[in-house]
Amino acid sequence: MSRRLPPLFSLRAFEAAARLGSITRAADELGRTHGAISRQIRALQDHAGLALFDKAGTGIKLNPHGEKLREVVAGALASLEQGWARVLEEAQGQSLHVACSATFAMRWLVPHLAGFYRQHPDVRIRLSMTSAQEIRNQGADLVLAWDRLSYPAQDQAQAIRIADVAFGPVCAPGYNFKVKGHHLTCTTWIVHDYTQRAWTVWQENSGFTVSHDAELRFPHTHLCIEAALSGLGVALVESRMVDEDLAAGRLIAPCGFVAFEDGLAIVPTSDRATSPAAKAFIAWITQELSNG
């Protein structure tokens, strides 16, 4: 039985125009002319027997019919794109797509991956960077994260806890601070733009309070660490991210480290999260993190 579908390129043209809000930008993205994209959209509307866009000044705007179709087409194209990528990856052998923060990737995961490959030489790990600013799985099979408050409830419920995490303030050895009782005083504290609740959680868990005169903010943990290394202030970081700096004396932790209850977890984000490769990775990283 033949499928009752409109021309597939007309759907691509429609999705691009709907997403970008412009036929011109859709034409640029798809490498076609403005006229070609307009003809594809008109053909789709003729095929459907109804309008999908309304005029909006010099541009276009989806009407309710178009909005419903956009949701369907965008989801279908995303699934097709992910499925195509998986076919290509699987043709090259077992693979697993893992998303995590750039800091965790650079300071812990990549330096330890050789151990995984020794145990599983036929599996290849593809890494994507994600952040607390915008929780996107980038088409990944697994996402590693400690701060999961902004994740959908279903993802939080499915999260697999793989390790304890401990956070503490760190600074350069020559930085001016004072600890008296359970109170830390510093000139500048360094805050991560998108996980600033970490300072609040640390104070609640440690019993410490913090006084500061100024604040520096950065969008990535590795920038917070670099700022602390440069003597710009006190940053709050997870202990594994600065183990080498502490051991080498480049940083000190004047108040020690305190565990955060949620811990580090893996969030399954695709049906391949139960594959043999995924199970092997989860078992390996859980063991490796427990070793320090």
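### Let's talk about the overall build of the chain
Then comes step 1: Across its full length, the chain holds 10 helices and 11 strands.
Then comes step 2: A globule of 292 residues ought to have a C-alpha radius of gyration of about 19 Å, yet the chain, at 25 Å, is considerably larger.
Then comes step 3: Along the longest, intermediate and shortest principal axes, the C-alpha atoms of the chain span 75 × 50 × 30 Å.
Then comes step 4: Relative to its 292 residues, the chain shows a buried fraction of 41%.
Then comes step 5: Restricting the contact set of the chain to residue pairs at least 6 apart, pairs at least 24 apart contribute 75%.
Then comes step 6: Carbon and sulfur atoms make up 52% of the accessible area of the chain, which amounts to about 15,800 Å² in all.
Then comes step 7: Side-chain charges in the chain split into 28 positive and 29 negative, and the spacing between the mean points of these groups amounts to 6 Å.

### Quick notes on the state of the cysteines
Then comes step 1: For the structure on display, the rule yields 0 disulfides.
Then comes step 2: Among the cysteines around C171, which has no disulfide bond, C186 carries the closest sulfur, lying 8.3 Å off.
Then comes step 3: With no disulfide of its own, C255 lies closest to C171 among cysteine sulfurs, the gap being 8.8 Å.

### Things to note about the nonpolar core
Then comes step 1: Counting 56 residues, the largest nonpolar core has F104, L109, W202, F281 and I285 as the members making the most contacts within it.
Then comes step 2: A total of 7 residues in this core trace back to one element, the largest contributor, which is helix α10 (residues 276-290).
Then comes step 3: If near-sequence neighbours (up to four positions away) are discounted, F104 is found in contact with L109, L144, M241, L264, I285 and L289.
Then comes step 4: Core analysis: the next-biggest nonpolar cluster, separate from the first, contains 18 residues, A18, L30, I37 and L62 among them.

### Considerations on the packing of aromatic side chains
Aromatic ring pairs are defined here through the distance separating the ring centres and the angle between the ring planes.
Then comes step 1: A full pass over the atoms with the stated rule returns 13 aromatic pairs.
Then comes step 2: Ring geometry for W146 against F167: centres 4.7 Å apart, planes inclined by 55 degrees, an arrangement best described as tilted. Of the two residues, W146 sits in the loop between β5 (142-145) and α6 (153-158) while F167 sits in strand β6 (residues 160-170), which places them 21 residues apart along the sequence.
Then comes step 3: Seen from their ring centres, W189 and W199 are 4.8 Å apart, and the 35 degrees between their planes marks the pair as tilted. Of this pair, W189 sits in strand β8 (residues 183-192) while W199 sits in helix α7 (residues 197-206), and the two are 10 residues apart along the sequence. Of the two residues, W189 and W199, both sit in the buried class.
Then comes step 4: Taken together, the ring pairs connect F104, W108, F116, Y117, F281 and W284 into an aromatic cluster.
Then comes step 5: Over the ring of F9 we find R32, and its NZ or CZ is 4.2 Å from the ring centre.
Then comes step 6: The ring centre of Y117 lies 4.8 Å from the NZ or CZ of R124, which sits over that ring.

### A word on the pattern of salt bridges
Then comes step 1: By the definition in use, this model includes 11 salt bridges.
Then comes step 2: Between R161 and D164 there is a salt bridge whose closest N-O contact spans 2.8 Å.
Then comes step 3: Connected via shared salt-bridge partners are R107, E226, D245 and R250.

### Quick look at the packing of helix α5 (residues 102-119) against helix α8 (residues 221-229)
Then comes step 1: One can describe the packing of α5 onto α8 by two numbers: an axis separation of 7 Å at closest approach and a directional angle of 65 degrees. By the criterion of interaxial angle, the relationship of α5 to α8 is roughly perpendicular. Between α5, through T103, M106 and R107, and α8, the contact on the second element is made entirely by T221, H222, I225, E226 and L229.

### Looking at the pairing of strand β11 (residues 258-268)
Then comes step 1: In terms of burial, β11 is a largely internal element, 8 of the 11 residues being buried.
Then comes step 2: One ladder, built from 6 bridges, connects β6 with β11; its direction is antiparallel. Paired with V165 across the bridge in β11 is F260.

Each value, and the rule that gives it
- Residues numbered from 1 in each chain as written.
- Predicted model: local features only at pLDDT ≥ 70, side-chain atom pairs only at ≥ 80, totals over all residues.
- Heavy atoms only, no water.
- Helix = DSSP H or I, 4+ residues; strand = E, 2+ residues; numbered from the N terminus.
- Rg over C-alpha atoms; globule rule 2.2 N^0.38 Å.
- Buried < 20%, exposed > 50% of the residue type's maximum accessible area, 1.4 Å probe, protein only.
- Contact = heavy atoms within 4.5 Å.
- Areas by Shrake-Rupley, 256 points an atom, 1.4 Å probe, with all protein chains shown as cover.
- Lys, Arg positive; Asp, Glu negative; His and termini not counted.
- Charge placed at Lys NZ, Arg CZ, Asp CG, Glu CD.
- Disulfide = S-S within 2.5 Å.
- Core = buried A, V, L, I, M, F, W, Y, C linked by side-chain atoms within 4.5 Å.
- Phe/Tyr/Trp six-rings, centres within 6.5 Å; stacked < 30°, edge-to-face > 60°.
- Lys NZ or Arg CZ within 6 Å of the ring centre and 35° of its normal.
- Salt bridge = Lys/Arg side-chain N within 4 Å of Asp/Glu carboxyl O.
- Axes fitted to C-alpha atoms, helices over the stretch in contact; angles between N-to-C directions.
- Parallel < 35°, antiparallel > 145°, perpendicular 65-115°, else oblique.
- Pairing = 2+ DSSP bridges.

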